[in-house]
Amino acid sequence: MELFICYKQGDVDAFVAGLCKFLEHQLDDANAVHIDTKFSGGPNWFEQRDQWISKSDVLIVVAGPTWYARGVGRTPLGDLHDEVTHEIVTASNRGATIFPILVNRKQFEQNAGETLPPLLRSVLKDPQWSFADVTFNPDCTEAKLLHDLLAIREQRRPKPVVLISSTLSFFVNEDSPEGLSYFTSLVTSIAQQMHSNGHDLALKVPVYHSGPDAEELTANNQRVLLRDAVKSLAQYSGLIIAPFNTESLCDDLVNLRLNHPSFPVITVDKDYSPNDKRFKAQKVPPPPSSICDGRHGGRLAADAVLEYLVQADISKPNVVILQGLEGSLPRVKGFRRRIREYNAKVVADRRIHLAISRPLAFRQGPAAKEASEYLRSSDWTALNDHTFGASDPPKRSDSVDAFFCCNDEMALGVRDELDRIYDKEKRLALSIVVGFDGIASVKKRIRDRDLWLINTVDVRLSHQILELVRLFERPSNGRDKTVKATKGWLVARIKAEQECSDKDLSQRTHVDYILGERKSARERYGPIEVR
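Only a predicted model underlies this, so the values are computations on that prediction, with no experimental measurement involved. (Residues numbered from 1 in each chain as written. Predicted model: local features only at pLDDT ≥ 70, side-chain atom pairs only at ≥ 80, totals over all residues. Heavy atoms only, no water.)

Caption draft 1: Summary view of the nonpolar core. Ile 240, Leu 322, Phe 335, Tyr 374, Phe 403 and Val 414 are the most contacted members of the largest nonpolar core, which has 81 residues in total. By residue number, the principal contributor to this core is helix H11 (residues 294-312), which donates eight residues. Not counting residues within four places of it along the chain, the set of residues in contact with Val 414 comprises Leu 322, Ala 367, Ala 368, Ala 371, Phe 403, Cys 405 and Val 433. Core analysis: the next-biggest nonpolar cluster, separate from the first, contains 22 residues, Val 12, Leu 23, Phe 99 and Leu 149 among them. (Core = buried A, V, L, I, M, F, W, Y, C linked by side-chain atoms within 4.5 Å. Buried < 20%, exposed > 50% of the residue type's maximum accessible area, 1.4 Å probe, protein only. Helix = DSSP H or I, 4+ residues; strand = E, 2+ residues; numbered from the N terminus. Contact = heavy atoms within 4.5 Å.)

Given below as structure tokens:
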């Protein structure tokens, strides 16, 4: 809290000096109390004064016996050109709390009384304090003075925004430590952006449970955090939720929107459909959301896979989508649609056979295991998700040419499984991997030209969080139906900027590099052994 002491020079100067020292000591911050004697002189004096008034939460107006008396050549009190009046009006217009103190009330009223201008009479109508002496003596009144000022500080203290996150859910997951990168980046980006916009953040993180009931238990833990926040809603200025599972929170969010329609609430990373029957039944809109455009990202991932297949000149290619849990569907649909568009334009032996796996946990272990099953099986019927329709068996059963993984955690698991086959079994699985999210460790592997992991869709968290804060700060966000879907981009460029020789690797694309490496590997190890 910052204070500005407004007074008339020559009225109660000694009292003001004592008050200033007292407040500096009690607040333990000399820079929190502003007074004209601290300003440097010169032509910028008035500009300095106005800057400090604009920063102050409280304007303490000290009025003494001669406060209203007009000195020779001075502008009368109440005139907007009068400096004391200017300070009071400026602070009031900027929302500062006006805290008047009368020194020697009886003499003040005898000298001023009802002759005070209307503007100042309204400010000083009910002064907080009255001191009998012109010398500040805090012995009998300091506790109440400080109590009232601290109460003002507490009233003006901005309430934090509570963030209920699914972040850090994988702390206990020993096979997925790198997945923390995405979740940590999400929380860090939100905290930094909200702080730079003047919002404090209270972070609530659900406990993650391992084991067969992990998803249900973790979702329930987040639901408990939401209910606790709603019970203490008066303590917060808004609510941001990164749902672990949207279904588990839906009923509570419907009730929140129904009972507190103007309370700011927004979701990030996952959203609710405006056609959700539970929101429509109560005639309330779902909370606004800031998400990455999954369909667009899926199309980008498909472009990265297509570029590899075309350059590798693969006949009858096989591609597998390793589908994750909630949030994967738009990515799968975007990828699938782009492949269908491609297949409609090429001859039969270049058409891609696309398989979509059963939903898997967003973790390395399950993805690696599923990829291994696809690589070793000639019949994928038991592995596929048949809600997308029945799929024909692959035309070639010797390999999977490309995996699209619905997050980078899964991509890392598949990448490590391919590397294990190459390193331990001395055979080259002709597969590349494209991920989704753009976490730091995956970006690094791509920059280092990993033999398997060729690209990922960067969801551009910082851009997503900027949109989240804009949505949050819109005046109508309590009733806003907006879903802001930001567009990601591929980390690695698709085509080389110029033709280059084999020696100039810096100008070759990642795909060029991989194809060259695989040609060397085939020459080293001979034909691929199918197992």
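Caption draft 2: Quick peek at the pairing of strand E13 (residues 402-405). Across the two faces of E13 the burial is the same, with Ala 402 and Phe 404 and Phe 403 and Cys 405 all buried. For strand E11 (residues 318-322) and E13, the ladder comprises four bridges, and the chain directions are parallel. The residue of E13 that forms the bridge with Ile 321 is Phe 404. Where E13 lies against strand E14 (residues 432-437), three bridges are found, and the strand directions are parallel. Directly across from Phe 404, in E14, lies its bridge partner Val 434. (Pairing = 2+ DSSP bridges.)

Caption draft 3: The packing of helix H8 (residues 214-231) against helix H9 (residues 246-259), seen in detail. Between H8 and H9, whose axes approach to 9 Å, the crossing angle comes to 15 degrees. In this view, H8 runs roughly parallel relative to H9, as classed from their interaxial angle. Pair H8 / H9 crosses with left-handed handedness. Contacts between H8 and H9 pair Ala 219, Gln 222, Arg 223, Leu 226, Arg 227 and Val 230 from the former with Ser 248, Leu 249, Asp 252, Leu 253 and Leu 256 from the latter. Among the residues making up the contact of H8 with H9, the classes are represented as six nonpolar, two polar and three charged. (Axes fitted to C-alpha atoms, helices over the stretch in contact; angles between N-to-C directions. Parallel < 35°, antiparallel > 145°, perpendicular 65-115°, else oblique. Left-handed = near helix turned anticlockwise from the far one by under 90°. Nonpolar A, V, L, I, M, F, W, Y, C, P; charged D, E, K, R; others polar.)

Caption draft 4: Local environment of the sheet that holds strand E7 (residues 201-204). In space, the six strands of this open sheet follow the order E7-E6-E8-E9-E10-E16, with parallel pairing throughout. Where the open sheet ends on each side, the last strands, each with one partner, are E7 and strand E16 (483-486). Averaged over all pairs of adjacent strands, the angle between strand axes in this sheet comes to 20 degrees, irrespective of strand direction. Examined bridge by bridge, strand E6 (residues 161-164) and E7 share four bridges and lie parallel to one another.

Caption draft 5: Region of the structure containing helix H1 (residues 13-27). Between the first and last C-alpha of H1 there are 21 Å, a value that for 15 residues agrees with the 21 Å anticipated at 1.5 Å per step. Turning to H1, its buried residues are Phe 15, Val 16, Leu 19, Cys 20, Phe 22, Leu 23, Glu 24 and Leu 27. Residue Asp 28 follows H1 closely and has a positive phi angle near 55 degrees. (Expected span 1.5 Å × (residues − 1).)

Caption draft 6: Main features of the pattern of salt bridges. Throughout the structure, instances matching the rule amount to 24 salt bridges. Between Arg 49 and Asp 50 there is a salt bridge, with the nearest N and O atoms lying 2.8 Å from each other. What makes Arg 49 buried here is its relative accessible area of 2%. Two residues, Asp 313 and Arg 350, come together in a salt bridge whose shortest N-O distance is 2.8 Å. Of this pair, Asp 313 sits in the loop between H11 and E11 while Arg 350 sits in the loop between helix H12 (329-343) and strand E12 (353-356), and the two are 37 residues apart along the sequence. One network of salt bridges, in which partners are shared, links Arg 299, Asp 303, Arg 337, Arg 338 and Glu 341. (Salt bridge = Lys/Arg side-chain N within 4 Å of Asp/Glu carboxyl O.)

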